[in-house]
Amino acid sequence: MSSPPISPPPAEAAAVPELRPDAYTIPGPPTGGTVSRGSDAPGPAPRPTGFRPDIEGLRAVAVLAVLAFHAAVPGLAGGFVGVDVFLVISGYLITGLLVREATTTGRIRLGEFFSRRARRLLPSAAIVLGTVALVGAWLTVPLRRADLEHDVLAAALSVANWRFVAQQTDYLAAGRDESPLLHFWSLAVEEQFYLFWGPLLALTAYLVLRVVRRGRPDGRGRAVRPVAAALAAVLTLGSFALSLRWTHDNVSLAYLGTPSRVWQFGVGALLALLPWHLLRGPRPLRVLVGWGGAAAVVGCVLAYDNTTPYPGWAALVPTLGTAAVILAGTPGRDTGGSDRLGVDRLLALRAPRAIGRLSYNLYLWHWPVLVLAGAKFGPLSWPVKVALTAAAALPAAAVMRWVERPLRRSRTVSELPRRGLSLGLAAVVIPVVLALVVGTGTLRLLGPAAPVDLQGLPPGSPDGTSLLVRTATPPKGGPAVVPDPVQARADFPPDGECEVAPTATTSPDCRFGVTGSPDRIVLLGDSHAGQWFSALLALAAERHWALEELVKQGCPLPELTVVNPQLGRTYRECDTWRANALTRLKEGPKPRLIVVSTLNRYTDDRQLLLQGWEKTLAPLRELGVPIVYLRDTPIPGTDVPACVSGHTEAPAACEFPREKALWADPLAEEVAAGRVPGVRSVSVNEVICPGSGRSCPAVLERILLYRDDAHLTNVAAVVLTPRLERLLVGSGALPAKGGPGAAPGPVVDGWTQLLRDDFDGPAGSRPSAADWQYDLGTCYPGCPAPQWGTGEIETMTDSTDNVRLDGKGALEIVPTRDGNGAWSSGRIESRRADFAPPPGGVLRIEASMALPDVTGPAAAGYWPAFWTLGGELRNGFTGWPAIGELDIMEQVNGRDAVFGTMHCGVLDGGPCQEPRGLGSGDQPCPAECRTGFHRYAVEVDLKPGAEQVRWYLDGREHHRVTAAQMDRATWDKAVGRGLFLILNVAVGGNLPTAFGGAVTPATEPGHPLRVDYVSVATRP
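Residues numbered from 1 in each chain as written. Predicted model: local features only at pLDDT ≥ 70, side-chain atom pairs only at ≥ 80, totals over all residues. Heavy atoms only, no water.

Undergrad: Can you break down the sheet that holds strand E16 (residues 795-796) residue by residue, with the values?
TA: Strand order in the open sheet formed by 3 strands is E16-E20-E19, with mixed pairing between adjacent strands. Pairing within the sheet leaves two strands with one partner each, and these edge strands are E16 and strand E19 (816-817). Where E16 and strand E20 (residues 823-825) come together, 2 bridges link them in parallel fashion. Bridging from a neighbouring strand, Thr 795 pairs with Ser 824 of E20. (Pairing = 2+ DSSP bridges. Helix = DSSP H or I, 4+ residues; strand = E, 2+ residues; numbered from the N terminus.)

Undergrad: Let's hear about the pattern of salt bridges: which residues, and what values?
TA: For the structure shown, the criterion picks out 41 salt bridges. Between Glu 56 and Arg 357 there is a salt bridge, with its nearest N and O atoms 3.5 Å apart. In this pair, Glu 56 is assigned in helix H1 (residues 53-70) and Arg 357 in helix H14 (residues 350-377), connecting sequence segments 301 residues apart. Classification of Arg 357 by relative accessible area gives partly exposed; the value is 25%. Taking the shortest distance from any N to any O, the salt bridge between Arg 895 and Asp 922 comes out at 2.5 Å. Here Arg 895, found in the loop between strand E24 (885-890) and strand E25 (897-903), pairs with Asp 922, found in the loop between strand E26 (918-919) and strand E27 (923-924); they are 27 residues apart in sequence, far enough to count as distant. Residue classification places Arg 895 among the partly exposed positions, given a relative accessible area of 22%. Judged by relative accessible area, which is 40%, Asp 922 ranks as partly exposed. What you see here is one network of salt bridges that share partners, running through Arg 844, Glu 846, Glu 939, Asp 941, Lys 943 and Arg 950. (Salt bridge = Lys/Arg side-chain N within 4 Å of Asp/Glu carboxyl O. Buried < 20%, exposed > 50% of the residue type's maximum accessible area, 1.4 Å probe, protein only.)

Undergrad: Before we move on, can you summarise the packing of aromatic side chains with the specific residues and values?
TA: Under the counting rule described, the total for this entry stands at 19 aromatic pairs. Consider the rings of Phe 113 and Phe 114, whose centres lie 5.0 Å apart with planes at 65 degrees: the pair is edge-to-face. The buried category is assigned to Phe 113, whose relative accessible area is 1%. Through a chain of ring-to-ring contacts, three or more aromatic side chains come together here, namely Phe 69, Phe 80, Trp 185, Tyr 255, Tyr 304 and Tyr 310. Above the face of the Tyr 1013 ring, Arg 756 is positioned so that its terminal group lies 4.0 Å from the ring centre. (Phe/Tyr/Trp six-rings, centres within 6.5 Å; stacked < 30°, edge-to-face > 60°. Lys NZ or Arg CZ within 6 Å of the ring centre and 35° of its normal.)

Undergrad: Summarise empty space enclosed by the protein; cite the residues concerned and give the values.
TA: Space inside the largest cavity adds up to approximately 70 Å³. Residue lining of the largest cavity: Leu 122, Ala 125, Ala 126, Leu 129, Ala 155, Ala 156, Ser 158, Phe 184, Leu 187, Ala 427, Val 428 and Pro 431, and that is the complete set. For the lining of the largest cavity, the element with the most residues is helix H3 (residues 110-139), which contributes 4 residues. Split by residue class, the lining of the largest cavity holds 11 nonpolar, 1 polar and no charged. (1 Å grid on protein atoms, 1.4 Å probe; cavity = no way out; pocket = protein on both sides within 12 Å on 5 of 7 lines; lining within 4 Å. Points joined across faces, edges and corners; volume = space filled by probe spheres on them. Nonpolar A, V, L, I, M, F, W, Y, C, P; charged D, E, K, R; others polar.)

Undergrad: An account of the state of the cysteines is requested, with residue identities and associated values reported.
TA: All chains considered together, the criterion is met by 7 disulfides. Between the sulfur of Cys 779 and that of Cys 783 lies a disulfide, 1.8 Å long from S to S. A sulfur-sulfur distance of 1.5 Å marks the disulfide that ties Cys 925 to Cys 929. Sign of the S-S torsion, about -105 degrees for the bond between Cys 925 and Cys 929, identifies this disulfide as left-handed. The exposure class assigned to Cys 925 is buried, which follows from its relative accessible area of 2%. The exposure class of Cys 929 is buried, given its relative accessible area of 2%. (Disulfide = S-S within 2.5 Å.)

Undergrad: I'd like a rundown of the side chain of Gln 264, residues and numbers included.
TA: Along the chain, Gln 264 turns up in helix H10 (residues 262-273). Beyond its immediate sequence surroundings of up to four residues, Gln 264 is in contact with Asp 84, Leu 87, Val 88, Ala 315 and Thr 319. (Contact = heavy atoms within 4.5 Å.)

Undergrad: Break down the environment of Ala 202 for me, citing the residues and quoting the values.
TA: Position of Ala 202 among the secondary structure elements: in helix H6 (residues 184-211). Counting along the chain gives 94 residues from Ala 202 to Ile 108, while the straight-line C-alpha distance between them is 5.3 Å. Those residues within four positions of Ala 202 in sequence are excluded, and the remaining contacts are Ile 108 and Leu 110.

Undergrad: Quick one: what's the story with helix H8 (residues 224-249), residue by residue and with numbers?
TA: Given a rise of 1.5 Å per residue, 26 residues ought to cover 38 Å, and the 37 Å separating the end C-alpha atoms of H8 matches this to within 8%. For H8, the full list of buried residues reads Val 224, Arg 225, Ala 228, Ala 229, Ala 232, Thr 236, Ser 239, Phe 240, Ser 243, Trp 246 and Thr 247. (Expected span 1.5 Å × (residues − 1).)

Undergrad: Talk me through the pairing of strand E32 (residues 1009-1019); I want residue IDs and the actual numbers.
TA: The buried fraction of E32 is high, at 9 of 11 residues. With 3 bridges connecting them, strand E18 (residues 811-813) and E32 associate as antiparallel partners. Bridged to Glu 812 within E32 is Arg 1010. Summarising the sheet, strand E22 (residues 842-850) and E32 pair through 9 bridges and their orientation is antiparallel. Residue Ala 847 lies in a different strand from E32, and its bridge partner there is Val 1014.

Undergrad: Account for the packing of H6 against H8, with residues named and values stated.
TA: Here H6 crosses H8 at 140 degrees, and the two axes come no closer than 10 Å. Here H6 is positioned oblique relative to H8, judged by the angle of their axes. Once H6 is placed against H8, the crossing between them reads as right-handed. Here Phe 196, Trp 197, Leu 200, Leu 201, Thr 204, Ala 205, Val 208 and Leu 209 of H6 come into contact with H8, specifically with Val 224, Val 227, Ala 228, Leu 231, Ala 232 and Leu 235. Of the residues contributing to the contact of H6 with H8, the split by class is 13 nonpolar, 1 polar and no charged. (Axes fitted to C-alpha atoms, helices over the stretch in contact; angles between N-to-C directions. Parallel < 35°, antiparallel > 145°, perpendicular 65-115°, else oblique. Left-handed = near helix turned anticlockwise from the far one by under 90°.)

Quick look at the structure:
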């Protein structure tokens, strides 16, 4: 998915690290000769210098920033930087406690350390997890409930961050609702940091104290600090480098991953380990440092938003700002404590401290309240979110008052480390058990997730009036919808690894179907193209063709600069992949059909989008093959399988607004207006979002249409295959089975192939003698009309200088001029002269051609044409124009226009206004008509009530002549009998002269008319 505008990982809940240990000052000698708790300096017995109330107030700043961000308060979009504040505080406090213990006792008691962490953090978290597991089962739909219980398990086991990393780095898992436990990723990061840093410091202290065996114990203890500081510095620098790398390559991993967050703990650790208290300096400087740090944090809250690459370099500002605030409040030699003008005095006020004390529980409760309320009542406005966040303070205060404080102060629990550890284990086990019980019941309700039996699907309807054939027997028994919601989540196209991930820059060689066939369909685009894999594979296989897939996740096919949500930065890999895909198509064998599709929401700038499309389509047009733009399907914008899981008996509840689901499509509009040569557009949206009401269905005729919030299920694509085939065949892009261009096979949709020549053969060889014959000289045998009756000056030959295959699948008809100024060219006719519509049926004649690439004075006198004459003309070559002539394509003098004409009746005047004929007038055909292939076709339709001849350019009808425009006898003689085809390039003649293009010495020879294929088919 695809991808639509998304928020970067800062939109995830921010981290709250260790919030409840006593906030002591870092060790150092205070004024008056006393030492703080755990000092390694000589002096009286150590005693606490006191509590750091400013740090408690700093927590309030951090949590309020996070809450404002989650409540979407205007102007505070950078509130996610509160996570950085918390991580620095955590590293500072935890490291200070551990090193203080090592320097005063000569060891670190890990059992006691983890016991304190467990009894302070885990019980409160367990209550939230248990509440979410139970309340979520009531407020959420079954499929979302199953996801939620997995989130509970991950959060309880302190691996929530890695679960969310896996989800958010997986493009195919996009489109699901936010988890009410998303914020537990931060607690998981914290716990993982504790499990790593505590034992590492303990091992460091043990080794250092074994090496330093002499001196007083407190002297040996002093040796721990520099070694630990060096270790912290190395880890900090390494983690920061990794954070920069991951922010560039995978922003979700950088934001949620533990290794890329260690450096922020490390900054706090260095604050606790280095002798900052020994620094001398003027008191105003300390005040400025503190206020500067606070200003940096607040400035980030105001200035950052979801476009800020994060964490990366941007995270340095709030991280170092927090360090500056902590450092400014640290007592040193030049001051005994905080300055009355310092920011620490403001942070130490009663209100910030009260919020700081509540911050951990408030953080735990606010996010589930917001998400579960949104799941129940729909999207919430920011004032409502602010009110709900304030309301979350009630359970937060209750848990702190009656659970956290009693357990933290309980002598019974704190007396022995194993009791705290047992309490922590219970706090893990209880939510795990709840999640397993609720999750098991949910899975039973949802049913098994076995793959869908595609063979058992009812047939899809090709006519566009319904999704399924109306006479088809609907599925009996089983789930209420097919696929069921669990199956839908995994109902991806079976294309393996061919839909390449965001980091890839090339696609593997992905060919399916009859892979040895020289004919193939190319499926090109993003995941919205990839959803059609099964349908196009079926169409290719039925024609004994191959299917090649060139699809990249979240990569717009038009040349646009976008930000990838998984990488969190400009999607450079997309640009490289797109260029590589176009080069592969240019250099490889020419396909028979290219189907392009892409999400239509990468930009709402119409002009920018069309410019991007032109840059991509131009090289595709040069290939000279049919190009079909398959319009983007509706975008529900909500997790459809989750919704349907709660409304299987009444899926209409999951309908979504048509206005938001179906955006304007500038490319489709331009194609329909004939302003995008070489491209035709088809759409199935009239089937899957039928009618003109205000909504589109999520389930149609018992088929669940969407696997997420944007992509069709594979089942839907399979059921839509007949409709897609009808659209492609009807546009002339795809031959019907047995129709023009198809491999030999049964007749499908009534089309019968009469002729198909792809002009395959060695370079310089002649076209097939079984299908074509040459016109030679300057007139038909007997010269009933010298100079071909139109004043041309060339002599037609059968020389390969004038008519030849190019060895790349095209015929070339080349006008040449010898040294004496005499012109020669080529003119070939189909051997068959009996091409005619069946009684009451349709005859279609089509060729894909690139016009001579010459214009201006050099093109004067050029006259390429593709046309037909009545078969009876070969009996003496007389009877024109009554015998009928259909000029499918003519161009003169290299003009940027082509035209089609019908000739009939009498030589002068009559119903066809001879000798001018009934013409289309100029049809725009810009330079691309000379540099790329375009399709020119005519249909003779004798169906009762129709009786008309229609002209097409790239699938767009541009001219029509009806039987009503003439008498019956003239009509029947002109179109009701056999025809033969003609391809030629004339030089000079009446028509070029009439347009001011008489041949001159400046006219350049050697510019060929190139013909990719010619096809003739009929349909009753």
